[in-house]
Structures are given as structure tokens and as C-alpha cells.
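# Inside the fold
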Amino acid sequence: MNLTFNGVWRMDWGFGNPNITAAFIVCLLVLAWLPAFLWRRGFWLSLLISIALGICLVHTMSRGGILGGFVGLATLALLAPRPWPAKRLLAAGLGIWIVILGVFWLNAHERFGQGIVQEDKSISHRLAIWRCSPQMLAANPQGWGWNESGQAYMDWFQPLDRHENYGSLVNTHLSKVVELGIFGGSLYLFLWATVLLAGWPSEGSRWRAVPFAILAGFGTAALFTNMARDPSVWILPALCVAAIFVDRLFRREAPNWGHIFAAGLACFSVVFALYFIGKSGERIVSVSNKVAFVGGNPEYWIVMDAEKFRSYPRHLRKFLAEHPGTSFAVVKSVLDLPDNPQKGTKKPGTPVLIMKDTDVQERGMLLKKVTSATFLAPQFTPSELPDQLQAQAIYGEFSNSRYAVFWDEQKLSRRIPGISDFIPDWTTNLLAPFLAKSDGE
């Protein structure tokens, strides 16, 4: 897929995303200065390569990539040996102007300036997603799962009037913190802090400024896109980490444990601060032990078929907005329902709507979990349920299910008029009547 801006191709080296391409170019751009650190006359080779790569970086029109390149090169400049010869300063200045001319030649300045003079959707959408990250961390402190942050955002936090697709939070670091949870996210940030501390150049290894700057530039570029979608882009940063630690082992440079402890404390503090911010705000969903609690303490439980009803979180949020004060707990299996605390009493337990096919084992466990349940188009007869269970089945008026007649005969079925086996607008046709019936009981 070729992306363009104002008719100009945004350079992509096969990564499928100019922002990821830009992050890779940032790594190469900084790596190009390794000859200058290892060889006295290597400066001129490094300068020529970096000018070419700088123009390629501009050609991606990635603002995050440009910032990453600036951070990487600025880090190198700060760590480079002094003094700088005048002719090299002049040559470096000329190289910078060549890249700047490339910006205007490609009209990239128009994209780089977006969001300053006028609104830029790419920026505003990112900010909207990032603002939700504390709520997402607070909603599921154990983490949403690897590469699941984008789906979690679309399901539970994206405004209902927006339908953009996201594979992440468009920020590698925030995505991993939300996906891995408080402790896993803290560990992720701590690993970054550890390799940066280890990579700081020593007097005998000035060349380590290059891998250190590569990691700094790559980490900066990763703030604005999801690098986890393409593992190949991590190869060069990983080689930098390996080179840093091999060099430290070879030189027997012991780590500064005080710095490492401080870094660990800082990383945990940052993640916990995000959690605290999200915890203090209003949340309509929280996830714990495979249960999604929607709207607070659950009045109703739903066993959901996540494959069949893929967008159920958005539908539940919309239903909740239309029926304030209602609350649900959603699980994906009967086995995930809590044991019924009212077992052995005549008083019905919390109403349960089962929208998923159940097997023999699950049906056998039902009485331990609930005292009453409503099934959506069950593929079994009432006789296959425990005797003490209060059950009802819901079918469409024109359903072709061969099991429906058995439920009809025992007057345990409810028919939805005008439909067959497909349930359109299931919150209106299914959920609202279920709530009304449960309230009536």
C-alpha cells in the first residue's frame, strides 16, 4: 500500500508503514556515524551517508521519525569528542542545509507544520487514544494481553460515534504498558532504562555513544507508532543492546546498582501514576479474572459468544448509555461464572443470559453457578438440564432449530416475532426483554 501526502509518495521500504520505515532509517542514520567514532577520517564517509539517509527520512514525512532522528543525532553531538574542527562544523552545517532544502523540495514542511496552524486528525486521534490509556490500565491492571491494546480501545473506550480501526494505542511504549499491566509494564520500561544506562559511553568506549543514540532515537520514534507490528525493525536495536553488554563484559564494567534501583523505582512510579490517574476517573468497564464488569456492580450476567457477536462491547456501551443505571458482568464461558452464593435456597440468583452454545460439562455445572438462566437458541432440549434449574429459551419466530419444539411444548420458550435464526439488533430484541423479564421477577 502506497501512502501519499499532497500527491507526494511517502517513502516506505517494504514495512507497510512510513512511520516504521522512518524509525528504521533513524537507526541507520545514527549508525552511519560509527566510522567517525572509530576512524579519524571516517567523519567524511559518515557525513555523506547521513545526508542521503536524512533525505530518505524526510521523504517518509514521519514527524515521529524526524523527532527520533533529531534526538539520535543530538545525542551523538553531545557525546562526540571535543573540540570540533572548524571545517567539520562547516561541512556538518552544509549537510543540515541540504536536508532542509530536501524538506521544501518534497513539500514535507506542509505535513510537518500540520497540527500547529490547523487541526491535524493524525495528531488529535493520537491524543484522544493516549488520554484513554490511564483508564485502560486502571480497568485491567493485569494487562489486556500482548498486541490487544488496539482492540481493547476500540471495544471499550473509543467514542461510539467513531469507527477508526487501531492495532495499538499508536505508541509502542503506552501500548505495552497497557497490554502487560502494572508489573509487566513497569518491567518493560525498566528494561528500556537498563539498556540506556548500560549504553552510556565510558572513557574507554566512546563508540558506545552510537548504539546509545540509536536506542534513544528509536525509542523516541516509537512514541508515535507501534513498532511491535514488525519484529524485523527491532533487529538493529537488539544488536546494539548485545554489543553494549558484550563490551561491558569484555571491559569488566560493573553496573551502578544505585542507578539501576533508581531507574526501577522511577519506572514503577510512572506506571503506578498512570494507574492512579485512571482509577480516580470515571470508568464504565473493569476486567478481572476473565470477567468484564460494565457499568459497576453487576445486576445481570451474560455468557457471550465473542466470535458470533464480535462488536458486543460497543453494543453494550450503547445500550448502557440508553439505559443508565444498568450494569452487567460479561464472561465467555459458563465455567467463568462465579459459584452461586444462594445455592440451596428458593430465591433465584442473579439473572444469567447465555448467548453461547454450551456442552455437557457446562450444563452440568450450571446449577452450581446459577438458579435461573435464559438461553439464546439452545441446541439441546430442556431434559438435558439439571432438574432444579429454572430455564427459558429464546428463538426467532421462524427459527429452523429442531430443538425449539421441545421448549415450546413445555412452555419454556419465548419467540421473537418477525425473525428467523439471525438476531438483528440483539440489544433491542434480546437484551431489553431479558432485563424487563428479570426485573418483573
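The structure contained in this document is the topic of the report that follows. Everything numeric here is computed off the predicted structure, so don't read it as measured data.

What counts, and where the lines are drawn
- Residues numbered from 1 in each chain as written.
- Predicted model: local features only at pLDDT ≥ 70, side-chain atom pairs only at ≥ 80, totals over all residues.
- Heavy atoms only, no water.
- Salt bridge = Lys/Arg side-chain N within 4 Å of Asp/Glu carboxyl O.
- Helix = DSSP H or I, 4+ residues; strand = E, 2+ residues; numbered from the N terminus.
- Buried < 20%, exposed > 50% of the residue type's maximum accessible area, 1.4 Å probe, protein only.
- Core = buried A, V, L, I, M, F, W, Y, C linked by side-chain atoms within 4.5 Å.
- Contact = heavy atoms within 4.5 Å.
- Axes fitted to C-alpha atoms, helices over the stretch in contact; angles between N-to-C directions.
- Parallel < 35°, antiparallel > 145°, perpendicular 65-115°, else oblique.
- Left-handed = near helix turned anticlockwise from the far one by under 90°.
- Phe/Tyr/Trp six-rings, centres within 6.5 Å; stacked < 30°, edge-to-face > 60°.

Here the focus is the pattern of salt bridges. Here the structure, examined in full by the defined rule, presents nine salt bridges. Two residues, Glu384 and Arg363, come together in a salt bridge whose shortest N-O distance is 3.4 Å. Note that Glu384 is positioned in the loop between strand E8 (372-376) and strand E9 (390-396) and Arg363 in helix H14 (residues 360-369), a separation of 21 residues in sequence. Since its relative accessible area comes to 38%, Glu384 is described here as partly exposed. Given a relative accessible area of 8%, Arg363 falls into the buried group. Via salt bridges that share partners, Arg208, Asp247, Arg248, Arg251 and Glu253 belong to a single interconnected network.

Counting 42 residues, the largest nonpolar core has Trp144, Tyr153, Phe157, Phe328, Met355, Trp426 and Leu431 as its most contacted members. Apart from the residues within four sequence positions on either side, Tyr153 is in contact with Ile129, Cys132, Met136, Gln158, Pro159, Tyr166 and Leu169. Judged by nonpolar contacts, the second largest core, of 40 residues, contains Val30, Phe43, Leu79 and Leu215.

Glancing now at the environment of Ser311. Its place among the elements puts Ser311 in the loop between strand E5 (300-303) and helix H13 (312-322). Separated by 156 residues in the primary sequence, Ser311 and Asp155 have C-alpha atoms spaced 7.0 Å apart.

Turning our attention to the packing of helix H1 (residues 18-31) against helix H3 (residues 42-60). The contact between H1 and H3 brings their axes to 9 Å, and the two run at 165 degrees. Judged by the inter-axis angle, H1 sits roughly antiparallel to H3. As for the relative orientation of H1 and H3, their crossing is left-handed in sense. Between H1 and H3, the residues in contact are Pro18, Thr21, Ala22, Ile25, Val26, Leu28 and Leu29 and Ser50, Leu53, Gly54, Cys56, Leu57 and Thr60, respectively.

Right, let's get into the packing of aromatic side chains. By the definition in use, this model includes 22 aromatic pairs. Here Phe272 and Tyr275 contribute two aromatic rings whose centre-to-centre distance is 5.9 Å and whose plane-to-plane angle is 40 degrees, an arrangement assigned as tilted. A residue pair is termed a helical-turn pair when its members lie 3 or 4 positions apart in one helix, as Phe272 and Tyr275 do in helix H12 (residues 257-280) at three residues. Looking at Phe272, the relative accessible area reads 41%, which means it is partly exposed. Geometrically, the ring pair formed by Phe375 and Trp407 is tilted, given 6.3 Å between the ring centres and 50 degrees between the ring planes. Highlighted residues: Phe375 in strand E8 and Trp407 in helix H15 (residues 404-409), separated in sequence by 32 residues. Residue classification places Phe375 among the buried positions, given a relative accessible area of 1%.

Nothing here speaks to function; it is all geometry.
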